[in-house]
Structures are given as C-alpha cells and as structure tokens.
Amino acid sequence: MSIYEKIGGEAAVNAAVDIFYRKVLMDERISEFFDTVDMENQHVKQKAFLTMAFGGPNSYTGKDMREGHKHLNLKEEHFNAVAENLVATLKELEVPQEYIDDIIAVCLSVKDDVLNLEPAA
Amino acid sequence: MTAIDFEGETIRLGENEPLLDGLLRAGFDIANGCRSGVCQSCLLQSDSEKLVNCQQGLTEAQKRLGYFLACQCQPWEPMAVNRVDGEQLKINAKVVDKRWLNPSVLGVTLEAALDYQPGQYVTLLGRPSGSGDFLARCYSIANASDGSGTLEFHIRHYADGAFSNWLATEVEPGDCLQVQGPMGTCIYSAASEQPLLLLAAGTGLAPVLGVIKEALSQGHKGEMQLLWAARSPHDFYLLEELSLLQAAAQLNIKLVYQEDFADCNTFAIDSVQADIYNYVHQHFPSLQGHKIYICGAESFTSKLRKQCFLAGAAIQEIAVDTFTPFA
C-alpha cells in the first residue's frame, strides 16, 4: 500500500493542498515566484505535485520538472523553502513522521530536475 | 462499441477504451498529460447525465457545467462531447433595448435563444459600418436565465473603442448582432447555507448580478454580501434595482469608492469611501467556508483572489471572472 493510500488518497491531497499553497504564498523566500502565475492552474499543479510526493498516480516526469522550472533559475534555498513548507503542512495534518520522511525522499528525488542541475554521476 | 459525437463527428470507442484514447486514435488533437485524472489537461464538456467517475478534483461549477476528464471517462452509452469553451455556433440576436445606465455604461438587451448559466459570458459579434470585418468582444450576461429569451449586458463605453462606440452611436433596437457562447465558470454553485461574498469592480457588476439573481431564485439561505468597487461614486448604476433586490432578501450591498466625494447621502444603498483591498481585509478577516465571486479587471481579480485565499477561502470556492480591457 502506498503512502498515498495510507493517508487517505485524494482526500488527503485535498486537505493538504490549500494549506501548503497558502504557506508557500506567504513565504517571503519564494512567494515572488508565484506572483504572476494563474492561481487556479497553479492549484492543479500543486495537487499533482502532492499526489506524486505522496506516491499516488504519477503525472510528473523528470523532464516535465526540468522544463517547468528551468526559466526560474531556482537555487537550493528555494527548493529547501518549499520542502520546509511541505513538512510544516504534513505536521499540521498530523501525518506520522515516517510517512513524512518517505514523502521528502520523493521530493529529493526530483531536486536535480527542479534546480536544473546535472544529474549526479 | 460506443458511438461518441465529438464536435459533430462520430467516433467509435473500443470496449473499456477511455474517451481520451479514442479521440487521440481518431486523430483529434486533445491536450493531455498524466492520464490518471490528476493534471486536468484533458478537460472536455458534455451535457450527458452519464458522467461517472470522471469529474474528480473539479470545482462544483465545472461539474455543473458538465466538464469532465477525458482520460477517466469510459462511456457505455452514446454521448455528445465538446471542447471546453470551444468554437460554438453563432446565433442571431436582435437588439430589443439600449439605454445608458450611467454616462459611461450602456445597458443593452438582446433577444436570443441561448442556454446559459447566469454569470457566464458570451462573445458578441457585429460589423460596424465602414469596417469590413466582424468585431468580436466578450461580455458577461447580467440577467438570470428566467426563460424570457433575453440577454442583458453592461457595456463600458470607450470613445475610442471600435465596438463599444459602435454600439453606443449606431446600433438601435431592431438591429441584429450575433452571439457565440456561453463560456466561463463563474456561476452560482454554492451550497444553500453557504455565505457568499461577491466582489465586483465597475461593470464586473454584471456577472455578479446574474449570480445573485440565480442564488435568490434557487432560494439561497446563506448570507450574501456584495461589495461593489468603483473609482468615483458617479461610476455606480442600477442603484434602484439593487436597492429593491436588497430589500427583498438576505442580501447586503455596500458601494466602495476610492475618490473623495462630498455628498453620497443621496444613494439608496450604503456607501463608503475606502480602498477596496483594505476594506475586504478589515471586514472579512476570515473567509473559511465562504463562496467568493470576484469580477473585474485583472489587477482587481488577481489581487483579491490571493487575498481571499490567504484569508482562508478554499481555492476551489473562489470563482473569478477577469475582464480584458477595452472594446
């Protein structure tokens, strides 16, 4: 059983996405990246991202991640800020720590793509 | 083999074949991504009542309008399917009334047999004399869908706007325009007890008024608060009609204008000089559980959408209609 199923599937994503997105918008380290995006589209993308991070039906490929973020010139601190907001969201929803660890591991697996780094050899 | 009518062409689906696969196989260019009902790229529309297990994650308004995800849809009965806001038939519409609602807003009523949900918008097409081409502009429908067969519009007049100036100076009752649509998801889709906050700027009143009338006709029970923002108090219009609506219902209306103005006591409706963003911030610090409608120019809608979301409204409960300026 995937974490996605264990924590309640789509309902869990629905519970998490608005909390997570609000935290991201209020985080001065990264909020500027969201100033010009369409919130409704972004909300759908956030849901898809959380679904993936929770191990649910996967709609992202590494290539999508790279293409989608390339123009932003993101740095490690931006990636870490998003990850921190995700952890805070999951804690707020009382997701057990072992699941949070697994979810963050999924996020770390796409870090090179998001930051457009050469894959580690 | 299920027969599907897609934009007038018939395709046949294999057994258990998702609609998306069938359409792609038939050569239609349908955007798609995850194919697992998450990314919403393959959104299509149908009036069929047999949309099962293919609307997950969509807003209540999208569901009511028959939007669904093609990748999740496995029809077992024939159905007709369209692209969302795709190329629709143009129908003829006769101008039955035209009057100035204030010095810069024209009220135009058309007679047209169109199925729509109040709050949606259409494209109006007309050919001003001396212009070879049809001009097309989008306007929101301001009246409830009461079977009268008429469509009302609030049209901001720009002296240098080819379309609005043509409407203002040349078009008369009896003339014909064309209407294409309806489009948009800014419709009444709230739960009956849910509090509504409706935020309109300028002629953004039109879709909001449609939503309010529809809510009233469906017996909406929750509180309704309309904040109508404008630069100057002279920009407001239809105040008598609004005041009648307010008297009849659990509707509270506030006019919020920006510029200093000495005498607003003549208004039939409560008014206040304030910055609309501050006003919303101060008076609606918590919007959890609210259904929000925001209609107006881009700067207004994007700023307030973010503000309402941060004040606790769920994204899916915020309906937005953004006007593209000038016509």
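Residues numbered from 1 in each chain as written. Chains lettered and ligands numbered in written order. Predicted model: local features only at pLDDT ≥ 70, side-chain atom pairs only at ≥ 80, totals over all residues. Heavy atoms only, no water.

A. Focus on the overall build of chain A. Within chain A, the secondary structure is distributed over seven helices and zero strands. Ordered by position in the sequence, the α and β elements of chain A form the string α-α-α-α-α-α-α. Against the globule reference of 14 Å for 121 residues, chain A gives a C-alpha radius of gyration of 14 Å, in line with a compact fold. Across its three principal axes, chain A shows a C-alpha extent of roughly 35 × 35 × 20 Å. Counting only residues that meet the buried cut, chain A has 45% of its 121 residues in that class. Surface exposure of chain A reaches about 6,500 Å², of which carbon and sulfur atoms provide 51%. Looking at chain A, you have 12 positive and 22 negative side-chain charges, and the mean spots of the two groups are 2 Å apart. (Helix = DSSP H or I, 4+ residues; strand = E, 2+ residues; numbered from the N terminus. Rg over C-alpha atoms; globule rule 2.2 N^0.38 Å. Buried < 20%, exposed > 50% of the residue type's maximum accessible area, 1.4 Å probe, protein only. Areas by Shrake-Rupley, 256 points an atom, 1.4 Å probe, with all protein chains shown as cover. Lys, Arg positive; Asp, Glu negative; His and termini not counted. Charge placed at Lys NZ, Arg CZ, Asp CG, Glu CD.)

B. Representation of the interface of chain A and chain B within the structure. Listed per partner, the contact involves 18 residues of chain A and 16 residues of chain B. Roughly 1,600 Å² of surface becomes buried between chain A and chain B when both sides are summed, with 62% attributable to carbon and sulfur atoms. By the criterion of area lost to chain B, the three top residues of chain A are A:Arg22, A:Met39 and A:Glu40, representing 34% of everything that side buries. At the boundary of chain A and chain B, one finds three salt bridges. Remark: the boundary between chain A and chain B carries seven residue pairs in polar contact (both at pLDDT 80 or more). Looking at the side of chain A that touches chain B, the elements that each hand over two or more residues are helix 2 (9–26) and helix 3 (39–53) of chain A. (Contact = heavy atoms within 4.5 Å. Buried area = accessible area lost by both parts, 1.4 Å probe. Salt bridge = Lys/Arg side-chain N within 4 Å of Asp/Glu carboxyl O. Polar contact = N/O pair within 3.5 Å; in protein donor to acceptor, adjacent residues only side chain to side chain.)

C. Up close: the confidence of the model for chain B. All names here are of chain B. Residues of chain B with pLDDT of at least 70 account for 98%, and the chain-wide mean is 91. Mean pLDDT per element in chain B: helix 2 (residues 60–64) is the minimum at 90, and strand 12 (residues 196–201) is the maximum at 98. With a pTM of 0.88, the predicted complex shows an ipTM of 0.88. (pLDDT = per-residue confidence, 0-100.)

D. A look at the sheet that holds strand 2 (residues 9–13) of chain B. Residues and elements named next belong to chain B. If you trace the five strands from one edge of the open sheet to the other, you get 2-1-5-3-4, paired in mixed fashion. Both edges of this open sheet fall to strand 2 and strand 4 (67–69), since each of them pairs with a single strand only. Neighbouring strand axes in the sheet, compared pairwise and without regard to direction, differ in orientation by 40° on average. Examined bridge by bridge, strand 3 (residues 43–45) and strand 5 (residues 79–83) share two bridges and lie antiparallel to one another. In the sheet register, Gln 45 faces strand 5, and the bridge partner there is Asn 82. (Pairing = 2+ DSSP bridges. Axes fitted to C-alpha atoms, helices over the stretch in contact; angles between N-to-C directions.)

E. Fine view of the state of the cysteines. Following the criterion strictly, the structure yields zero disulfides over all chains and no others. Left without a disulfide partner, A:Cys107 is nearest to the cysteine sulfur of B:Cys34, which lies 18 Å away. The class of A:Cys107 is buried, set by a relative accessible area of 5%. Between B:Cys71, a cysteine without a disulfide, and B:Cys42, which holds the nearest cysteine sulfur, the sulfur-to-sulfur distance is 3.8 Å. Given a relative accessible area of 11%, B:Cys71 falls into the buried group. (Disulfide = S-S within 2.5 Å.)

F. Looking closely at the layout of surface pockets. All names here are of chain B. Of the pockets and cavities examined, the second largest pocket occupies roughly 790 Å³. Surrounding the second largest pocket, 31 residues form its lining, Gln 45, Asp 47, Gln 88, Asp 115 and Pro 182 being those nearest its centre. For the lining of the second largest pocket, the secondary structure elements donating two or more residues are helix 2, strand 5 and strand 11 (176–183). Of the residues forming the lining of the second largest pocket, the biggest block, three residues, is contributed by strand 11. (1 Å grid on protein atoms, 1.4 Å probe; cavity = no way out; pocket = protein on both sides within 12 Å on 5 of 7 lines; lining within 4 Å. Points joined across faces, edges and corners; volume = space filled by probe spheres on them.)

G. The arrangement of the sheet that holds strand 10 (residues 150–156) of chain B in detail. All names here are of chain B. If you walk across this open sheet you meet the six strands as 9-8-11-6-7-10, and the pairing is antiparallel. The open sheet terminates on both sides in strands that have one partner only, identified here as strand 9 (135–140) and strand 10. Direction aside, the axes of adjacent strands within the sheet are offset by 40° on average. Of the pairings in the sheet, the one linking strand 6 (residues 90–102) to strand 7 (residues 105–111) comprises seven bridges and is antiparallel in character. Bridging from a neighbouring strand, Asn 102 pairs with Val 105 of strand 7. Each of strand 6, strand 7, strand 8 (121–126), strand 9, strand 10 and strand 11 touches helix 3 (residues 162–169); the most contacted strand, strand 9, lies at about 80° to it.

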